[in-house]
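A look at the structure
Next come the chains, spelled out residue by residue.
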There are 2 protein chains.
Amino acid sequence: MVEDSFGPATEAGIGNWDIETDVFVVGFGAAGTCAAWSAATAGAEVLVAERAGAGGGAAAMSEGIIYLGGGTPVQRACGFEDSVEEMFAYMTAACGPHPDKPRIEKYCASSLEHFDWLVERGVVFDPSFCRETSMAPTGEEGLVFSGGEDAYPFNEIARPAPRGHLAKTRGSTGWLLMECLVRSAKEAGVVVETDLMVTTLIVASDGTVVGALARRYGDTVSVRARKAVVLTAGGFVFNDEMLARHCPPLLKGTFKVGTEGDDGRGIMMAQAVGAAVKNMYAGEVALPWIPPRRLIEGIIVNGRGQRFINEDTYIGRIGQAALYDHDGVAFLLVDEKAYTENWMGLKASWVCETIPELEQEIGLPEGSLETTIALYNRHATGNADPVFHKAPEFVRPLEPPVGAVNLSVGPAPYAPFTLGGLDTDLDCRVLDLSGEPIPNLFAAGRCAVGVCSFGYASGMSIGDSTMFGRIAGRVAATGT
Amino acid sequence: MVEDSFGPATEAGIGNWDIETDVFVVGFGAAGTCAAWSAATAGAEVLVAERAGAGGGAAAMSEGIIYLGGGTPVQRACGFEDSVEEMFAYMTAACGPHPDKPRIEKYCASSLEHFDWLVERGVVFDPSFCRETSMAPTGEEGLVFSGGEDAYPFNEIARPAPRGHLAKTRGSTGWLLMECLVRSAKEAGVVVETDLMVTTLIVASDGTVVGALARRYGDTVSVRARKAVVLTAGGFVFNDEMLARHCPPLLKGTFKVGTEGDDGRGIMMAQAVGAAVKNMYAGEVALPWIPPRRLIEGIIVNGRGQRFINEDTYIGRIGQAALYDHDGVAFLLVDEKAYTENWMGLKASWVCETIPELEQEIGLPEGSLETTIALYNRHATGNADPVFHKAPEFVRPLEPPVGAVNLSVGPAPYAPFTLGGLDTDLDCRVLDLSGEPIPNLFAAGRCAVGVCSFGYASGMSIGDSTMFGRIAGRVAATGT
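Residues numbered from 1 in each chain as written. Chains lettered and ligands numbered in written order. Predicted model: local features only at pLDDT ≥ 70, side-chain atom pairs only at ≥ 80, totals over all residues. Heavy atoms only, no water.

Some words on the overall build of chain A
We apply this condition: Under the DSSP-based scheme used, a helix requires at least four consecutive residues in state H or I and a strand at least two consecutive residues in state E, with every element numbered from the N terminus. Just to be clear, the radius of gyration here is over C-alpha atoms, and the globule rule we use is 2.2 Å times residues to the power 0.38. Residues are treated as being in contact if the distance between any of their heavy atoms lies within 4.5 Å. The protein chains shown are the only cover counted for residues, whose accessible areas, like all others here, come from Shrake-Rupley with a 1.4 Å probe. Residues counted as positive are Lys and Arg, residues counted as negative are Asp and Glu, and His and the chain ends are not counted. In this description, the location of a charge corresponds to atom NZ of lysine, CZ of arginine, CG of aspartate or CD of glutamate.
Tallying secondary structure elements over chain A gives 13 helices and 21 strands in all. Taken over the C-alpha trace, chain A has a radius of gyration of 23 Å; the compact-globule value for 480 residues is 23 Å, and the two agree within 12%. Along the first, second and third principal axes, the C-alpha set of chain A runs to 75 × 45 × 35 Å. Sequence separation of at least 24 residues holds for 74% of the intrachain contacts in chain A that already meet a minimum separation of 6. Working note: accessible area of chain A is about 16,100 Å², and carbon and sulfur atoms make up 50% of it. Counting 37 positive and 60 negative side-chain charges, chain A places the centres of these two groups 3 Å from one another.

A word on the pairing of strand β3 (residues 46-50) of chain B
Residues and elements named next belong to chain B. What counts here: For each residue, the accessible area found with a 1.4 Å probe, counting protein chains only, is set against the maximum for its type, and the residue is called buried under 20%, exposed over 50%, and partly exposed in between. A pair of strands is treated as paired once DSSP finds two or more bridges between them. With the strands pointing away from the viewer, any crossover whose connection runs clockwise from the first strand over the helix to the second is right-handed.
The buried count for β3 comes to five of five residues, which makes it a mostly enclosed element. Here β3 shows a buried face lined by V46, V48 and E50 and a second buried face lined by L47 and A49. Across four bridges, strand β2 (residues 19-26) lies against β3 in parallel orientation. Looking at β3, one finds that V23 is bridged to V46. Handedness of the β2-helix α1 (residues 30-41)-β3 crossover: right-handed. For β3 and strand β8 (residues 191-194), the ladder comprises four bridges, and the chain directions are parallel.

Some remarks on the interface of chain B and chain A
Heads up, the rule is: Once two parts are brought into contact, the accessible area they lose, counted with a 1.4 Å probe and summed over both, makes up the buried area. Put simply, a salt bridge is a Lys or Arg side-chain nitrogen that is within 4 Å of an Asp or Glu carboxyl oxygen. Counted as a polar contact is a pair of N or O atoms within 3.5 Å, where, for protein atoms, one must be capable of donating a hydrogen and the other of accepting one, and residues adjacent in sequence contribute only when both atoms are in side chains.
Of the residues lining the interface, 37 residues belong to chain B; the matching set on chain A comes to 37 residues. With both sides pooled, the region where chain B packs onto chain A buries about 3,300 Å², and carbon together with sulfur makes up 56% of that total. On the surface where chain B and chain A come into contact, there are six salt bridges. Put simply, D423 of chain A and R245 of chain B hold a salt bridge, and the shortest N to O gap is 3.8 Å. Run the count over chain B and chain A and you get 10 residue pairs in polar contact (both at pLDDT 80 or more).

Thoughts on the sheet that holds strand β4 (residues 66-67) of chain B
Residues and elements named next belong to chain B. Taken in spatial order, the four strands make up an open sheet running β4-β7-β6-β5, and their pairing is mixed. One side of each edge strand has no neighbouring strand; the edge strands of this open sheet are β4 and β5 (129-130). Pairing of β5 with strand β6 (residues 143-144), which is carried by two bridges, proceeds in the parallel orientation. Residue pairing for β6: F129 is matched across the bridge by L143.

A short note on the domain arrangement of chain A
Residues and elements named next belong to chain A. Put simply, the rule is: Start and end positions for the domains come from either an automated domain assignment or a database one. Residues were grouped as follows: Ala, Val, Leu, Ile, Met, Phe, Trp, Tyr, Cys and Pro as nonpolar; Asp, Glu, Lys and Arg as charged; and all remaining residues, including Gly, as polar.
Structurally, chain A comprises domain 1 (9-61 + 175-284 + 415-478), domain 2 (66-171) and domain 3 (288-406). Here the C-alpha centroids of domain 1 and domain 2 sit 25 Å apart. With 34 residues of domain 1 at the contact, the number on the domain 2 side is 31 residues. Regarding the contact of domain 1 and domain 2, the summed buried area is about 2,600 Å², with carbon and sulfur atoms giving 65% of it. The tally of links from domain 1 across to domain 2 stands at three salt bridges. For R103, the salt bridge goes to D423, with nearest N and O atoms at 4.0 Å. At the boundary of domain 1 with domain 2, the tally comes to 14 residue pairs in polar contact (both at pLDDT 80 or more). Elements that contribute at least two residues to the side of domain 1 that touches domain 2 include exactly α1 (30-41), α7 (174-187) and α13 (460-478). When the residues that make up the side of domain 1 that touches domain 2 are grouped by side-chain class, the tally is 19 nonpolar, nine polar and six charged.

Remarks on unusual backbone geometry
Residues and elements named next belong to chain B. Along the chain, G7 connects to P8 via a cis peptide bond; the corresponding omega equals 10 degrees. Structurally, P8 is set in the segment before β1 (9-10). Here the bond from P400 into P401 is cis, since omega is 0 degrees, no more than 30 degrees from zero. Positionally, P401 belongs in the loop between α12 (368-380) and β17 (402-406). Positive phi, close to 70 degrees, is recorded for C428, a residue that is not glycine.

Comments concerning the packing of aromatic side chains
All names here are of chain A. Rules: Here is the rule: rings of Phe, Tyr and Trp (six-membered ring for Trp) pair when centre to centre is within 6.5 Å. Planes less than 30 degrees apart are stacked, more than 60 are edge-to-face, and the remainder are tilted. Throughout this description, the term charge over a ring refers to an Arg CZ or Lys NZ atom that lies within 6 Å of the ring centre and within 35 degrees of the ring normal.
The full count for this structure, using the stated rule, is 23 aromatic pairs over all chains. An angle of 80 degrees between the planes, with centres 5.8 Å apart, marks the rings of F129 and F145 as edge-to-face. Of this pair, F129 sits in strand β5 (residues 129-130) while F145 sits in the loop between β6 (143-144) and β7 (164-165), and the two are 16 residues apart along the sequence. Of the residues examined, F129 reaches a relative accessible area of 25% and is grouped as partly exposed. Over the aromatic face of F238 sits the side chain of K256, whose NZ or CZ is 5.7 Å from the ring centroid.

Brief notes about the sheet that holds β7 of chain A
Residue and element names in this part refer to chain A. Strand order in the open sheet made by the four strands is β4-β7-β6-β5, with mixed pairing throughout. Strands at the two margins of the open sheet, each flanked by one partner only, are β4 (66-67) and β5. By the bridge criterion, two bridges tie β6 to β7 in an arrangement that is antiparallel. Its bridge partner lying in β7, V144 is registered against G164.

What to know about the packing of helix α5 (residues 101-109) of chain A against α13 of chain A
Helix-helix packing is characterised by the crossing angle of the two axes and by the distance between the axes. All names here are of chain A. Applicable threshold: With axes taken as lines fitted to C-alpha atoms, and helix axes fitted only over the stretch in contact, angles between N-to-C directions fall between 0 and 180 degrees. Just so you know how the angles are binned, under 35 degrees is roughly parallel, over 145 roughly antiparallel, 65 to 115 roughly perpendicular, and the rest oblique.
The geometry of α5 relative to α13 is characterised by a closest axis approach of 11 Å and an angle of 85 degrees between their N-to-C directions. Relative to α13, the element α5 is oriented roughly perpendicular. Seen from α5, the contacting residues are R103, K106 and Y107; seen from α13, they are M460, G463, D464, M467, F468 and I471.

Description of the nonpolar core
The test is simple: What makes a nonpolar core is a set of buried Ala, Val, Leu, Ile, Met, Phe, Trp, Tyr and Cys residues whose side-chain atoms join them at distances within 4.5 Å.
Among the nonpolar cores identified, the biggest contains 277 residues, and M91, L231 and W289 of chain A together with M91, L231 and W289 of chain B are the most heavily contacted of them. Among residues more than four places away in sequence, those in contact with W289 of chain A are L295, I296, I300, E311, I315, I318, L332, N342 and L407 of chain A.

Comments concerning α13 of chain A
All names here are of chain A. So the rule is basically this: Any helix carries an expected span of 1.5 Å times its number of residues minus one.
The first and last C-alpha atoms of α13 sit 27 Å apart over 19 residues, in line with the 27 Å expected at 1.5 Å per residue. A large share of α13 lies buried, amounting to 17 of its 19 residues. Where α13 terminates, the next one or two residues include G479, which has phi positive at roughly 85 degrees.

Observations concerning the pattern of salt bridges
When the charged atoms of two side chains with opposite charge come close together, those side chains can pair. What the rule picks out here adds up to 61 salt bridges over all chains. Of the charged contacts in the structure, one is a salt bridge between R224 of chain A and E20 of chain A, with a shortest N-O distance of 3.1 Å. Highlighted residues: R224 of chain A in strand β11 (residues 219-231) and E20 of chain A in strand β2 (residues 19-26), separated in sequence by 204 residues. The exposure class assigned to R224 of chain A is partly exposed, which follows from its relative accessible area of 32%. Here K252 of chain B and D327 of chain B are joined by a salt bridge, their closest N and O atoms 3.0 Å apart. Here K252 of chain B, found in the loop between α8 (240-246) and α9 (265-271), pairs with D327 of chain B, found in the loop between α10 (315-325) and β15 (331-335); they are 75 residues apart in sequence, far enough to count as distant.

What about the environment of T72 of chain A?
Residue and element names in this part refer to chain A. Relative to the assigned elements, T72 resides in the loop between β4 and α3 (73-77). Taking the C-alpha atoms as reference points, T72 and E357, separated by 285 residues in sequence, lie 51 Å from one another. Other than its neighbours up to four places away in sequence, T72 contacts L112, F115 and H165.

So, a negative patch on the surface
Where we set the bar: Residues form patches when they are more than 30% accessible in relative terms and have no salt bridge. Like charges link within 9 Å. Nonpolar side chains (Val, Leu, Ile, Met, Phe, Trp, Tyr) link within 5 Å.
There is a patch of like negative charges on the surface, built from E336, E353, E357 and E361 of chain A. Note that E357 of chain A resides in helix α11 (residues 355-362).

Let's talk about the side chain of Q306 of chain B
Relative to the helices and strands, Q306 of chain B resides in the loop between β14 (299-301) and α10. The class for Q306 of chain B is buried, based on a relative accessible area of 14%. Separated by 2.8 Å, the side chain of Q306 of chain B and the backbone oxygen of R307 of chain A make a polar contact.

Here we look at the relation of the copies chain B and chain A
Between the two copies of the chain lies a relationship made up of a rotation around an axis and a movement along it. Convention followed: In superposing the copies, a least-squares fit is computed on C-alpha atoms, taking residues whose pLDDT is at least 70 in both.
When chain B is fitted to chain A, the best match, at an RMSD of 0.0 Å, comes from turning it 180 degrees and sliding it 0.0 Å along the axis. Each copy turns onto its partner about a two-fold axis. Same-surface contact between copies: 100% of interface residues of chain B are shared with the interface of chain A.

As structure tokens, this is what we get:
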């Protein structure tokens, strides 16, 4: 899949340029469309190379949630108060450990303007709220809680507000969002060449990036970028060797989120010209065990029968914890009142009259589940969960008969993508190992670091891809 | 601390070479001494640059354990059977997840020969065994269990054999080991220049490494390496920015293992010429809570009052689990029979008549500790621990009064160093992002990947540094 050398190629070695442009954007997904629009609108000649047959990237295949806040029109229409400060407080807590505060600050401060920009691009957000899911609603609602803002510990850190915004349609909305962004970029005069895979950056003798080599069917073509190259080529979840090298837990993910183009090539061709990478161990891992939220009345345990997280938090936090820290082994324990088949058909694999029987059926150590449920029930009679702080509305004693849904890797889908990538400054300039910008090289989207150091909420990837994509395109075209 | 650019510098930009040699070794610690000896013995002119005032590196400050097996004379004298196969079985289980089997295989197959080589260098191993510790014994014993070989799950995977070998002296032995290796290298004709800090690699126009720039007091000097540059410059535990970028859990470590020279410069100057890195998230974290082993009769719990590991395993596995997965919060619970002050003076911070009182004193959730101890005691009456599989000899019911030793970061020392670094082939050639060797560049020791992908046992770092250091020096000098 990844064959050619990552380079770099040198300017001196290029006989003649096959193609010339001002700003060369590599990839036409969430970040690439926005970078291209932004560069073209700023007056630059823009060429986009998309290795697939059409634009859209991972975002087009996704739920399409965009993390926005600070009091958007949709938030206000749905009766939620929010502010830049509350959003910042939530994100610094949720995106860590070691949150990138300056990047988060810029993201929060730009959020309302970015909402307006998306609306101007033709994205329609229905001013309605869906409580039941942190993914795309089955209806046309435009707003969801997408990061456990209303669950411990975040509900004690910032006033909970839903910030997951979705384009108005039914089911997954990413395709519609990307339809708007692709069209906008083209209307702005961007030239897009599909089936053109960029392989290698070209540098001048002083290290300035001056273009790239790309493969067009069997041939190699050289592209001169008079102003800049903008890498928006996606993450690396489809490159198992890179996963093994940097974040082996994601190798266990069964339902990779992205396209085959997410093979890390964009990251590595920049590393080959001296770029630094960051947070390469980090990954989002959706474990879509709800809706319905009624299941939250159950408890989730690991392979030792121990709880490890509050069940009412974001499904991606539960997936991360289960995959990274508990080897992808998890079970949801429910009683009759809590049980129902989940939205994707996950059913209880075991149902027993008593807890010891269930424990034995699952193969958990004798007494482990019994002990866990005894401690849980002891406090649940008072609607309290002092160990993991699940919200009182979901806390009541669990009563036999009991059942368990197997939420382990295999029986349940774990849907990962990578969060680490090229280190950049806040203007999306790619930084070298000393922290200095590499001249004329920019990056945004999942081939770059984003607002998430490790923790994630749905919509943050498309959120920072689109916002920092715009910045990358503008600075690439204008220098500021 | 790290100021100059990581480069690379180009051969064309070098006016005249200040120094010339065949093999230029960067760093004079465990890997550097062995690489230098090996290159010199193979007939090469060898210059070593050591940025500190004297050689020895991190190894000289360490316990000095060397992981060797397969039936060494010391193992046999102490009555332990071992084989290359058993050693390989243990290491593939203990060095993972995702163990590097070819590297481990080479390590195991070369272990007996490496033992002999060390003895020939003047290292004396006393043929005696110390059961009480997995660190350096207080006596002169030459052999310890240093990786939980005799504890679950490894005792079920391979026949347990102690493989931690130490040079004969009292207390930490690293200084003595390094005295032998430094002297051997010098006797082999190696030239060592101290206070010479290598900053930047120099490459020819075809990417071949031809030398390096170094700082000698205020000046920059150029060193031409006719045959090769061997990087043995240590890990990056003393570079907080790199830790934040690649393995933030280690930032919490309070007692960094290494020298200030372990700032990752060796890794980054190679990255600047296109080298790939691997396992950068991995770190060893010693939590020296034993000896005495009597304390193992207690149980270790996290901030939620839950056990998370078998207490009889290697202290580094417990430290890793506590720091990486439990936020550096851990408590050792003991009763009167199990309690004693530990070897470094760690005492019980709390002593209570009942478990609920102790739980409250520590600040653990109500009932959490009580529940954990109830489950533990239920099985302990039969000397069993079906949840974490601590060996029966340490398992008996805990009886009030009870006390707790605070094993959290702060009250207890967490001693980390980094395990990730430059990717190399088994001949220690540094690999680029495509997996191809970078001509004339070698690496060994903690600036390179070693036998540990993540899991660690005491002695593996000096073990692979010295063994692969020898290989790096030989191949650098002779090409094979």
